[in-house]
Amino acid sequence: HTRYWRDWNSDVCSSDLFRDRFDWQAMLGRVHCPVLLVTGDPERGALATAEAATVAKRCCPTLDVATIPDASHNINSDEFDRYLAALHGFLSRVS
């Protein structure tokens, strides 16, 4: 299961078809409100890698990154308490 998602993520997100249809970097550059990117472990199926999170932060200075170790793509199911702590922390900073 984990290997399937890791391979799918790598194949799809790095494909020309994906990049040509979805310019997420340009889209993030137009966002000016606070943003929270919550990601897990790419080896377990998380879609955003540390490198992608760095690029996202560069594109959108209002973006905060919360990395939840040991979580797959289903972060709120895998590590609910850590997910909730990251969300509460973010909301307390931007409220």
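Whatever comes next refers back to the structure up there.
The rules behind each value
Throughout this document, residue positions are counted from 1 along each chain, in the order its sequence is written. Note on the predicted model: pLDDT of at least 70 is required for a residue's local features to be given, and 80 or more for side-chain atom pairs to be given and counted; whole-chain, interface and lining totals, by contrast, use all residues. Side-chain metrics in this entry use all non-hydrogen atoms of the structure; hydrogen atoms and water are not considered. The aromatic pairing rule takes the rings of Phe, Tyr and Trp, using the six-membered ring of Trp, and pairs them if the centres are within 6.5 Å, calling planes under 30 degrees apart stacked, those over 60 edge-to-face and the rest tilted. Counting from the N terminus, the helices are DSSP H or I runs at least four residues long and the strands are E runs at least two residues long. Note on classification: 1.4 Å probe, protein chains only; a residue is buried when its accessible area is under 20% of the maximum for its type, exposed when over 50%, partly exposed between these limits. Throughout, a disulfide means two cysteine sulfur atoms within 2.5 Å of one another. Each C-beta atom gives one direction from the helix axis, and the arc is the one those directions make. The criterion used for residue contact is that any of the two residues' heavy atoms lie within 4.5 Å. Two N or O atoms form a polar contact when they lie within 3.5 Å of each other; inside protein one atom must be a possible hydrogen donor and the other a possible acceptor, and for residues adjacent in sequence the pair counts only when both atoms belong to side chains.

Colleague: Hey, could you run me through the packing of aromatic side chains in this one?
Modeller: The geometry of an aromatic ring pair is captured by two quantities: the separation of the ring centres and the angle between the planes. What the rule picks out here adds up to 1 aromatic pair. Look at Phe80 and Tyr83: their rings are 6.4 Å apart centre to centre, the planes differ by 40°, and that puts the pair in the tilted class. Note that Phe80 and Tyr83 are positioned in helix α6 (residues 80–94) at a spacing of 3 residues, about one turn of the helix. For Phe80, a relative accessible area of 43% corresponds to the partly exposed category.

Colleague: Would you mind showing me how to read the state of the cysteines here?
Modeller: Two cysteines, two sulfur atoms, one covalent bond between them: this is a disulfide. All chains considered together, the criterion is met by 0 disulfides. Between Cys59, a cysteine without a disulfide, and Cys60, which holds the nearest cysteine sulfur, the sulfur-to-sulfur distance is 8.2 Å.

Colleague: Got a minute to help me understand helix α4 (residues 50–59) in this structure?
Modeller: Along an α-helix, residues three or four apart share an orientation, since each turn contains 3.6 residues. All of the buried residues along α4 are Ala53, Val55 and Ala56. Mapping the buried residues of α4 onto a view down its axis gives an arc of 160°, with all of them on the same face. Exposed residues lying more than 90 degrees from the buried face of α4 are Ala50, Glu51 and Arg58. The inward-facing, buried residues of α4 contact α3 (24–29), β1 (35–39) and β2 (63–67).

Colleague: Got a minute to help me understand the environment of Phe90 in this structure?
Modeller: Along the chain, the position of Phe90 falls in helix α6. Judged by relative accessible area, Phe90 falls into the buried class, the value being 8%. As a C-alpha pair, Phe90 and Asp64 span 26 residues in sequence and 7.7 Å in three-dimensional space. When near neighbours in sequence (up to four residues on either side) are disregarded, Phe90 contacts Pro34, Val35, Leu36 and Asp64.

Colleague: How do you make sense of the side chain of Thr39 when you look at a structure like this?
Modeller: Along the chain, Thr39 turns up in strand β1. Looking at Thr39, the relative accessible area reads 5%, which means it is buried. Within polar-contact distance, the side chain of Thr39 engages the backbone oxygen of Ala48 at 2.7 Å. Not counting residues within four places of it along the chain, the set of residues in contact with Thr39 comprises Ala46, Ala48, Ala66, Thr67, Ile68 and Ile75.

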